[in-house]
Amino acid sequence: MYRQILHTLWSALRLPVVLLAVLAFAVPLLTVTYGGSLADAPAGRVAEWLFAAQQIGVLIPGLALLVGLLLGIGTWMHDHAGKHVYALSLPVSRERYVLLRFAAGGTLLLVPVAALAAGSLIAVASVSLPSGIHAYPVPLVVRFFFASLLCYAVFFAISISTRRAALAVLGAICGVLFADLLLAAIGVEATVTPTVFMWLTNWPGPLSILIGRWALFDV
Amino acid sequence: MCRRGLLLILALGGTAPVARAQAPRGGVAVARAKLARAESLLAVVARRDSASRQSLYAARRAVIYEAGAVTAVLPDAVGRETGRLVVSGARRYLDGVVPEQFLSARVAVAYAATGVDSVLRARNLDARARVMADVTPRPDSLSDGWAVAAALARAYAETLDSTWRAWLPPALAVGWTLKRDGPAAVRELMRTDTRSGADCLAGGAGACRLWLGLDADANPYTARYRPEELRRMIVGRWFAVNGAMDLAHQCTTGSDDACVRLASLGLLPPVPAGASPLSSLLVFVRAHGPAGALARALQDTRGSVGDRLGRATGTSPDSLVAGWRIWLLTGGGQPRVTAGWRDVLPVLVFGALLLLAAVRSGRWR
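Residues numbered from 1 in each chain as written. Chains lettered and ligands numbered in written order. Predicted model: local features only at pLDDT ≥ 70, side-chain atom pairs only at ≥ 80, totals over all residues.

**Overview of the overall build of chain B**
At step 1: Of the regular secondary structure elements, chain B holds 20 helices and five strands.
At step 2: Scored against the burial criterion, the 365 residues of chain B give a buried share of 36%.
At step 3: A fraction of 62% describes how many contacts in chain B between residues 6 or more apart in sequence connect residues 24 or more apart. (Helix = DSSP H or I, 4+ residues; strand = E, 2+ residues; numbered from the N terminus. Buried ≥ 20, exposed ≤ 12 C-beta atoms within 10 Å, placed from the backbone. Contact = placed C-beta atoms within 7 Å.)

**Some details on the overall build of chain A**
At step 1: Across its full length, chain A holds nine helices and two strands.
At step 2: Order of helices (α) and strands (β) in chain A, N terminus to C terminus: α-α-α-α-α-α-β-α-α-α-β.
At step 3: Buried positions account for 38% of the 219 residues belonging to chain A.
At step 4: Residue pairs in contact within chain A that sit at least 24 positions apart in sequence constitute 81% of those at least 6 positions apart.

**Topic: the environment of A:Leu59**
All names here are of chain A.
At step 1: In this fold, Leu 59 is placed in helix α3 (residues 59-74).
At step 2: Judged by the 16 C-beta atoms lying within 10 Å of it, Leu 59 falls in the partly exposed class.
At step 3: In this structure the C-alpha to C-alpha distance between Leu 59 and Val 85, which are 26 residues apart in sequence, comes to 39 Å.

**Here we look at the packing of helix α1 (residues 2-31) of chain A against helix α6 (residues 94-125) of chain A**
Residues and elements named next belong to chain A.
At step 1: Close contact between α1 and α6 brings their axes to 8 Å; oriented N to C, the two are set at 25°. Taken as axis vectors, α1 and α6 run roughly parallel relative to one another. With respect to the hand of their crossing, α1 and α6 are arranged in right-handed fashion.
At step 2: Here the contact of α1 with α6 is built from residues that sort into 26 nonpolar, five polar and one charged. (Axes fitted to C-alpha atoms, helices over the stretch in contact; angles between N-to-C directions. Parallel < 35°, antiparallel > 145°, perpendicular 65-115°, else oblique. Left-handed = near helix turned anticlockwise from the far one by under 90°. Nonpolar A, V, L, I, M, F, W, Y, C, P; charged D, E, K, R; others polar.)

**Some details on unusual backbone geometry**
At step 1: Here A:Trp203 and A:Pro204 are connected by a cis peptide whose omega angle stands at 5°.
At step 2: The backbone of A:Lys83 shows a phi angle near 55°, a positive value even though the residue is not glycine.
At step 3: Summarising the element assignment, A:Lys83 is placed in the loop between α4 (77-81) and α5 (85-89).
At step 4: With a phi close to 50°, B:Leu172 is a non-glycine residue in the positive phi region.
At step 5: Assessed through the 27 C-beta atoms surrounding it within 10 Å, B:Leu172 is described here as buried.

**With respect to the pairing of strand β3 (residues 106-110) of chain B**
Residue and element names in this part refer to chain B.
At step 1: With five of five residues buried, β3 lies mostly within the body of the structure.
At step 2: Where strand β2 (residues 70-75) lies against β3, two bridges are found, and the strand directions are parallel. Paired with Val 73 across the bridge in β3 is Val 109.
At step 3: Pairing geometry for β3 and strand β5 (residues 129-133), over five bridges, is parallel. By the bridge assignment, Val 109 is partnered in β5 with Met 132. (Pairing = 2+ DSSP bridges.)

**Digging into helix α7 (residues 146-158) of chain B**
At step 1: Over its 13 residues, α7(B) extends 18 Å from the first C-alpha to the last, a length consistent with the 18 Å expected when each residue adds 1.5 Å.
At step 2: Residues of α7(B) that are buried include every one of B:Ala147, B:Val148, B:Ala149, B:Ala150, B:Ala151, B:Leu152, B:Ala153, B:Ala155 and B:Tyr156, and no others. (Expected span 1.5 Å × (residues − 1).)

**Thoughts on the nonpolar core**
At step 1: Judged by nonpolar contacts, the single largest core of 137 residues is most densely connected at B:Ala72, B:Leu94, B:Val148, B:Leu152 and B:Ala153.
At step 2: If one sorts the elements of this core by residue count, helix α7 (residues 137-160) of chain A sits on top with 16 residues.
At step 3: Dropping the residues within four chain positions of it, B:Ala72 is found in contact with B:Tyr65, B:Val86, B:Val87, B:Ala90, B:Val107, B:Ala108, B:Ala110 and B:Val148.
At step 4: Judged by nonpolar contacts, the second largest core, of twelve residues, contains B:Leu230, B:Leu247, B:Ala263 and B:Leu268. (Core = buried A, V, L, I, M, F, W, Y, C linked by C-beta atoms within 7 Å.)

**So, the interface of chain A and chain B**
At step 1: Taken residue by residue, the interface counts 43 residues in chain A and 36 residues in chain B.
At step 2: Breaking the side of chain A that touches chain B down by element, the ones donating at least two residues are α2 (43-57), α6 and α7 of chain A.
At step 3: Top contributing element to the side of chain A that touches chain B by residue count: α7(A), with twelve residues.
At step 4: Of the residues contributing to the side of chain A that touches chain B, the split by class is 30 nonpolar, eight polar and five charged.

**Focus: the environment of A:Pro28**
Residue and element names in this part refer to chain A.
At step 1: With respect to the helices, strands and loops of the structure, Pro 28 is situated in helix α1.
At step 2: Considering only alpha carbons, one finds Pro 28 and Tyr 136, 108 residues apart in sequence, at a separation of 11 Å.
At step 3: Once you skip the residues sitting within four places of it in the chain, Pro 28 turns out to touch Leu 116, Gly 119, Ser 120, Ala 123 and Leu 216.

**Section: the packing of helix α3 (residues 80-94) of chain B against α7(B)**
Residue and element names in this part refer to chain B.
At step 1: Two numbers describe how α3 lies on α7: the axes approach to 7 Å, and their chain directions differ by 45°. By the criterion of interaxial angle, the relationship of α3 to α7 is oblique. Taken as a pair, α3 and α7 cross one another with a handedness that is right-handed. Taking contact as the criterion, the partners of Val 86, Val 87, Ala 90, Tyr 93 and Leu 94 in α3 are, on α7, Trp 146, Val 148, Ala 149, Leu 152 and Ala 153.

**Section: α1(A)**
At step 1: End to end, α1(A) covers just 38 Å across 30 residues, shorter than the expected 44 Å (1.5 Å per residue, more than 12% under).
At step 2: Along α1(A), the positions that sit buried rather than exposed are A:Leu9, A:Leu13, A:Val17, A:Leu20, A:Ala21, A:Ala24, A:Val27, A:Pro28 and A:Thr31.

**A closer look at the pairing of strand β1 (residues 60-67) of chain B**
Residue and element names in this part refer to chain B.
At step 1: Bridge count for β1 against β2 is six bridges, and the pairing is antiparallel. Within β2, the position partnered with Ala 62 by the bridge is Pro 75.
At step 2: Remark: two residues form the turn of the hairpin made by β1 and β2, two consecutive strands paired antiparallel; Gly 68 in that turn has positive phi of roughly 60°.

**Quick word on the confidence of the model for chain B**
All names here are of chain B.
At step 1: When pLDDT is averaged along chain B, the result is 84; 85% of the residues meet or exceed 70.
At step 2: Every residue in residues 14-24 scores below 50 in pLDDT, and together they form nine contacts with partners more than four places removed in sequence or on other chains.
At step 3: Reported for the predicted complex are a pTM of 0.72 and an ipTM of 0.89. (pLDDT = per-residue confidence, 0-100.)

**A look at the environment of B:Ala291**
Residue and element names in this part refer to chain B.
At step 1: You can see Ala 291 is positioned in the loop between α16 (275-288) and α17 (293-299).
At step 2: Assessed through the 9 C-beta atoms surrounding it within 10 Å, Ala 291 is described here as exposed.
At step 3: Through-space distance from the C-alpha of Ala 291 to that of Gly 96 is 7.4 Å; in sequence the pair is 195 residues apart.

In structure tokens form, the structure reads like this:
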């Protein structure tokens, strides 16, 4: 049954998955557009190169977010369109069906991850690095996989949630923003949004994997 | 000033129309009276301004504050609470940099305090050497004790041997912080146009030693610079030293020897790195070396700066600069891209919770 669901998903999502794979393949290669040899390069060039690696690295968590968003919503797209009649007609429990859907979407997620791995390896192979600068293709790809998986899980859960749950999430976000406005209006020097953001993105916050250094080449 | 200007405008505004209209004698008298009144008011304002300024800059009564080995005499205008913050802040800045023996033999004196002699004599502190801290009586200029700490650090630096004195950044890097000043040091390393700096950025420990001037090179200008780098620094500059312009001319027209000879006159910095990267190295030693490493290194008088720092930290100079380079370039050793259990665990936990929520979703119920 997993194979059938995977096949259906692939048929429905192959275009965005292939586009995401192309993007994931291209991003690490952008890092090496500054040139292939840094052996005797002047300081300015090495600095530009490191700076470019860091700037391009910032795109990678954004790409993970995009992968998670498209796959998380895309996984349930056809079920939503068919009012879940097909899923309810299947001789499997609801829990098992959700797990199968999650696994199938997670399998498709491996396509952009593999593309990023290929792009990173080609980028690393095409440069000669000086002794103090190192390439980190494996940690980058593993981190990208888990960041994509997290985003995928978030949007997968939001897609299948009830309207009440979705409204609760939206209400929580609006509540935080409203609390900030209220505090500002009464002249209290305290902010809620940055605190919540810090809580979410600082370890062990659930989104901490999206923050931090993402450069393929670093010291 | 504003009040004075306002009065002047009022006075001129009151008299000018009268003058323009060529009023009869009675009108002129009124205008003259108004002018006299304005002038007298101006004089009053000027006297008040002068008095308030004098009170601001006037010497205040001296008060002694102590924190550990740090003793400072500050004007009473500073206030007791701020005074305590100043000396405790200065002590924190100097901890692990300046030995307590040095501090306990000195007293930092802020400007504009009267009766310093009598106050010190009363506490039997008049035998201590006085170090003038460059602050004004305004409490905000004292900040958090940096001015007092910097004055004491500068005084201590003057007692060190010539190797240290020639190398050390101002005030022994007291107050340099990675968060605030680190980006400037990184920028300097990234924008350096010397070969040693470029190789240091690329990871060469030997190049970092050269760029930071850590080795005892017989001729630093030949060891740490390439002739073309010296030439770049010399082009377009004016040297007011006898014979220097001749050497500058020879240098710019192709003589490498002239470039080195000109630089050796002391007209160019012997260390390619500026004060900020040198300060960062001292802060790195203080923060990441064994306890008291920087203070020990500063008391050491054998070998080069690199040898002294290496001995104090118990590592080779190469290991030291390699650690410093990563610390500086990563903003305090923040890890490069990582994917260990620490990173993955929140994803697995949160992902499992989300999956559980999806499985138990009430959408089909």
